[in-house]
Amino acid sequence: MMKNDTARFAVERPDFAAIAAWIPKGATVLDLGCGDGSLLRYLKETRGVQGYGVEINDADIVSCIANGVNVIQNDLESGLADFEGNSFDYVMLSQTLQATRHTEPLIQEMLRVGREGIVSFPNFGHWKNRLNILLGNIPVSRELPYQWYDTPNVHLCTLDDFETFCKDHRVAVLERRVMTGKNEVQVLPNLLGSTAVYRFQRGI
Amino acid sequence: MGDNLSATGSIGIVSARRAQFDTPLVFRSGAVLPRYELVYETYGTLNAGKSNAILICHALSGHHHVAGYYADDLKNLGWWNNMVGPGKPIDTDKFFVIGLNNLGGCHGSTGPSSINPETGQPYGSSFPVITVEDWVTSQARLADFLGISQFAAVIGGSLGGMQALQWSLSYPDRVRHVFAIAAAPHLTAQNIAFNDVARNAILTDPDFHGGDYYQHNVVPTRGLRLARMLGHITYLSDNAMADKFGRDLHAGQLNYGYEIEFAIESYLRYQGDKFAAYFDANTYLLMTKALDYFNPAHDSGGDLNPVFARAKASFLVVSFTTDWRFSPQRSREIVRPLLHNRLNVNYAEITSTHGHDSFLMQDPYYLDVMRTYLDRVARECGQ
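What this report covers is the structure whose coordinates are included nearby. (Residues numbered from 1 in each chain as written. Chains lettered and ligands numbered in written order. Predicted model: local features only at pLDDT ≥ 70, side-chain atom pairs only at ≥ 80, totals over all residues. Heavy atoms only, no water.)

1. Concerning a nonpolar patch on the surface
All names here are of chain A.
Argument step 1. Together, W127, L131, L134, L135, V187, L188 and L192 make up a nonpolar patch on the protein surface, roughly 740 Å² of accessible area in all.
Argument step 2. Top element by residues in the nonpolar patch is helix α6 (residues 127-134). It accounts for 3 residues.
Argument step 3. With respect to the helices and strands, the residue L188 is situated in the loop between β7 (183-184) and α8 (189-192).
Argument step 4. Look at L188 and you get exposed, because its relative accessible area is 53%. (Patch = residues over 30% accessible without salt bridge, like charges linked within 9 Å, V, L, I, M, F, W, Y side chains within 5 Å. Areas by Shrake-Rupley, 256 points an atom, 1.4 Å probe, with all protein chains shown as cover. Salt bridge = Lys/Arg side-chain N within 4 Å of Asp/Glu carboxyl O. Helix = DSSP H or I, 4+ residues; strand = E, 2+ residues; numbered from the N terminus. Buried < 20%, exposed > 50% of the residue type's maximum accessible area, 1.4 Å probe, protein only.)

2. Remarks on empty space enclosed by the protein
All names here are of chain B.
Argument step 1. Tallied over the full model, the rule gives 1 cavity of 30 Å³ or more.
Argument step 2. Volume-wise, the largest cavity comes out at about 50 Å³.
Argument step 3. Those elements that provide at least two residues to the lining of the largest cavity are α4 (189-203) and α5 (221-235).
Argument step 4. In terms of residues, the lining of the largest cavity owes the most to one element, α5, which gives 5 residues. (1 Å grid on protein atoms, 1.4 Å probe; cavity = no way out; pocket = protein on both sides within 12 Å on 5 of 7 lines; lining within 4 Å. Points joined across faces, edges and corners; volume = space filled by probe spheres on them.)

3. Topic: the pairing of strand β14 (residues 345-350) of chain B
All names here are of chain B.
Argument step 1. Of all 6 residues making up β14, 5 are buried, and the element is well covered by its neighbours.
Argument step 2. Alignment of strand β13 (residues 314-320) against β14, held across 6 bridges, turns out to be parallel. The partner of V318 across the bridge, within β14, is A348.
Argument step 3. A crossover connection joins β13 to the parallel β14 through helix α9 (residues 328-340); in handedness this β-α-β unit is right-handed. (Pairing = 2+ DSSP bridges. Right-handed = clockwise from strand over helix to strand, strands pointing away.)

4. Here we look at the pattern of salt bridges
Opposite charge on two side chains lets them pair, provided their charged atoms get close.
All names here are of chain B.
Argument step 1. Taken as a whole and assessed by the stated rule, the structure comprises 23 salt bridges over all chains.
Argument step 2. The closest approach of N and O atoms between E333 and R330, which form a salt bridge, is 3.1 Å. Placement of both E333 and R330 in helix α9 is noted, with a separation of 3 residues, approximately one turn of the helix.

Printed below as a string of structure tokens:
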């Protein structure tokens, strides 16, 4: 049962596998906006991490508890005051970046609390999104499953945008993986990739 | 009949038991109680491995009657009957649940109103001032008496949550899960101030007689009543009071006098009278002192990080948004040293309108959190 579940996570959320591949066994991780705790559980089962999640949604807190992962109910927008500096190997923000309001300070907080940061987000520069805009509509897709009037996403960006942000904010990108579905994208990632995962640390 | 009761989720008819302890208990204050009794109730069945026991610690005015009712008093429901019972979050079909009346209490355990066998008189003012640590020591002896070497969980709200936390510090190997609900790692100056006003109401009551009012055949009712009225205000939220009473008038009109005019006055006086009719003033004093003294970081300059280094339990910390007595911020002060020490911790902040009293209420999210976490605990102990 548990093995099947783990396999299911990997199939449904290809960014999980990408993230897991970066995380050494036994690392300490903090998962911001951890949702139902699937990623933490996946990392616990596949990498033996010691982890905590932060989530604001009531139903997700219950799911996290059911998933057997540690979760702290808190609003990410109010910062990470409960967490000490350099207290985690990795601080992750999986498919949440685009829905944060105070995105700049949050990235800084991630790098205060963690040795390294990992973010995954839908690439707004994906050709389908561009085509939608060209045709006059806000994109609605697997990665962006919302209508313009009910979307929680307020800070969507493209791969190029995120990398410019990192340069401007002294964030050093260590590794990047770009995917469309399960497939790794090598060519023209900002055009052909639908999801991006970045690993980064404080730059000099 | 038992089946019908099970279907409604009540444990049904319960009865209190009494355990006698003849090993002297040395209090933190240095005082010694040579022998004492604890009154307790149990629900459910202890499994063969004795791994499914849960201890419920009560708050200021609580006691051992946590769930069910008595054969001769069907209306006397346990104080946490909505949480404890068959199929309820603290599921008595899975767990062996123990409720006790703390030492110093007034519901049957040895306390100020009990007769001191050495004098033949009530202990009264001679009953030692008690701390949360002392309670936990006495609770561990009750566990020994019942043959339980490790609790699956120790659960408490408010002052009960402080006892649960203390369990993880006093007996790290004897508790697997700690539930600290609507609790705090210590009282603030404001909390102590409220307690002191409450105590002063009792201490200055002419019927108090230095705590030895039993011999005078009087009870410091006025003081106890005031103390409870004050306490009650701090248990409710401003909004909850506004919703329930607003500026409603008790008799529909203003009388320009000092009798009851507003509904809230009527309510508080009723609560005060009800409480003063059954609760012992000396016990109230003891309970508030235990609250004031609780401070696990007392010897570490206020730093909880080194204190929780010895804890081994997993923690569920729960707070309520409108609780201003022990606000969510206070619960986060509990969470931080747990994170620092890399202990397992889940923290839920329940949006609730009922203030501090929320921990006794029927909130779907709160009950879901409790049930889901306890399902995990049950699986761990093979239930």
